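# Report on the structure
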Amino acid sequence: MSELHEVQITEDNPLLQDPLKAAELAAKLLQVQEQKHSIETPYGVVTVTIQGTPKPKRPAIVTFHDVGMDHKMCFDTLFKYEDMCEIVKNFVVCHIDAPGQEDGATIYPPGYQYPSLDQLAETIPCVLQYLNFPSIIGIGVGAGAYIFAKYTLSHANTVEGLVLINIDPNAKGWMDWAAQKLTGLTQSISDKMLGHLFSAEEISGNSDVVRQYKASISNSPLISNYQLYWNSYNSRRDLNFERGGGVTLKCPVMLVVGDQAPHEDAVVECNSKLDPTQTSFLKMADSGGQPQITQPGKMTEAFKYFVQGMGYIPHILDKKRSMGGFLGHDSSVALSHRFSLQRGESLTFSHLVPEQRVGGRTSSSPGRSDLLKGREPGDL
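Residues numbered from 1 in each chain as written. Predicted model: local features only at pLDDT ≥ 70, side-chain atom pairs only at ≥ 80, totals over all residues. Heavy atoms only, no water.

### Quick notes on the packing of helix α5 (residues 124-131) against helix α6 (residues 143-154)
- In contact at an axis separation of 11 Å, α5 and α6 are set at 75° when each is read in the N-to-C sense. Classified by the angle between their axes, α5 and α6 sit roughly perpendicular to one another. On the side of α5, the interface is formed by Ile-124, Pro-125 and Leu-128, while α6 contributes Ile-147, Phe-148 and Tyr-151. (Axes fitted to C-alpha atoms, helices over the stretch in contact; angles between N-to-C directions. Helix = DSSP H or I, 4+ residues; strand = E, 2+ residues; numbered from the N terminus. Parallel < 35°, antiparallel > 145°, perpendicular 65-115°, else oblique. Contact = heavy atoms within 4.5 Å.)

Okay, here's the thing in structure tokens:
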């Protein structure tokens, strides 16, 4: 196996500028007025929030949030992180709120038939058609990750990449159903949602983040609407992923989970069922159940390498460049599609040369980038 080489990166147009300029740019971006649209779909009205303007020959970044949240609660910490300013500048961002989950939504009456997750997946084509987005990079968390996976199975030609955080592609088994019935006798709906969003360690530790989200869910006037989305999530069907079979995700996929997340086993199992040549697995240390909230810096860094591997944003400045270079792998080394972010450890990726875009597609020229093919702890 080829040895590791420490190489110096010299860039004419680095992705990240100096801290003052980055902070100034972030402030300007936050001043840009967001555009909101209410879009009619066969399964209810969805509210979308647009940041930025469409960029020619670049996909839109589209997000879908988890249960007990709207897009702000789920993604604001990540997309307002200062290092994400370049992502927001280079792509149009579209946040989708599931029906009835957005701030100020109308309370649904008792007996309202809320759409299933499969039906919510079919609201995405309505959004893309309304906004004239030909292709997307999807970022979904929990229920939102399932929705994007379901959508991609039916509309693969519109999806260039997926970031799926805390995905559970399996239907609930009878043991899960029985356990839910038992806990339902003693737990409130807000407590059940909190147990879905955060690890037991986080909840028992009663961190500021957990307290904030517990208060937000339990005191929300939309709690009955939240429960409808929650019920749909718990009634999800098995996606039936099969490695080497006909049911799989054919675009680049980054699976993300915290090392103490309640969904860790489900994400690991999902990784085992997807195409290893298209799938990268990120297990993030010290991030708990919501890595996009508790570790936005690591998520931002991983996402930048993910889009670079797709051929976008070719210039990336590693934060440790000024401290002696970037640790990279020789391009001839074949690596697995898994890497880990441990405490105090920066990202280690293979291949420093990005893929090139030709007519909106990725070429397979020599030196192609597989930037999320890293190593498990102990492999080096």
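### A short note on the environment of Glu-34
- Following the sequence through the fold, Glu-34 ends up in the loop between α1 (19-31) and β2 (35-41).
- Its relative accessible area of 31% is what places Glu-34 among the partly exposed residues.
- A sequence separation of 16 residues divides Glu-34 from Ile-50, and the C-alpha atoms of the two residues are 5.7 Å apart.
- Residues within four places of Glu-34 in sequence aside, it is in contact with Thr-49, Ile-50 and Gln-51.
- Engagement of the side chain of Glu-34 in a polar contact is seen with the side chain of Gln-51, the distance being 2.9 Å. (Buried < 20%, exposed > 50% of the residue type's maximum accessible area, 1.4 Å probe, protein only. Polar contact = N/O pair within 3.5 Å; in protein donor to acceptor, adjacent residues only side chain to side chain.)

### Looking at the confidence of the model for the protein chain
- When pLDDT is averaged across the protein chain, the result is 78; 70% of the residues are at 70 or more.
- Considering only residues more than four positions removed or in separate chains, one finds that residues 1-17, a stretch of pLDDT under 50, has 42 contacts.
- Counted against residues more than four places away or in other chains, residues 317-380, with its pLDDT under 50, gives 152 contacts. (pLDDT = per-residue confidence, 0-100.)

### A look at the nonpolar core
- If you look at the biggest cluster of nonpolar residues, it comprises 91 residues, and the most contacted ones within it are Phe-79, Cys-94, Val-163, Leu-164, Tyr-229, Leu-255 and Phe-303.
- When residues of this core are assigned to their parent elements, the largest contribution, seven residues, is made by α6.
- The residues contacting Cys-94, other than those within four sequence positions of it, are Val-48, Thr-49, Ile-50, Ile-61, Val-62, Thr-63, Val-127, Leu-131 and Phe-133. (Core = buried A, V, L, I, M, F, W, Y, C linked by side-chain atoms within 4.5 Å.)

### Considering the packing of helix α8 (residues 189-197) against helix α11 (residues 223-234)
- The contact between α8 and α11 brings their axes to 11 Å, and the two run at 50°. Comparing the axis directions of α8 and α11 gives the class oblique. Relative to α11, α8 is oriented so that their crossing is left-handed. Residues Ile-189, Lys-192, Met-193 and His-196 of α8 lie in contact with α11, whose contacting residues are Ile-223, Tyr-226, Gln-227, Trp-230 and Tyr-233.
- Tallied by class, the residues present in the contact of α8 with α11 amount to six nonpolar, two polar and one charged. (Left-handed = near helix turned anticlockwise from the far one by under 90°. Nonpolar A, V, L, I, M, F, W, Y, C, P; charged D, E, K, R; others polar.)

### Examining the pairing of strand β9 (residues 279-284)
- By the criterion of burial, β9 is predominantly enclosed, with five of the six residues buried.
- The pairing of strand β8 (residues 253-258) with β9 spans six bridges and is parallel. Paired with Val-253 across the two strands is Thr-279, which belongs to β9.
- Traced from β8 through helix α12 (residues 264-273) to β9, the parallel crossover comes out right-handed. (Pairing = 2+ DSSP bridges. Right-handed = clockwise from strand over helix to strand, strands pointing away.)

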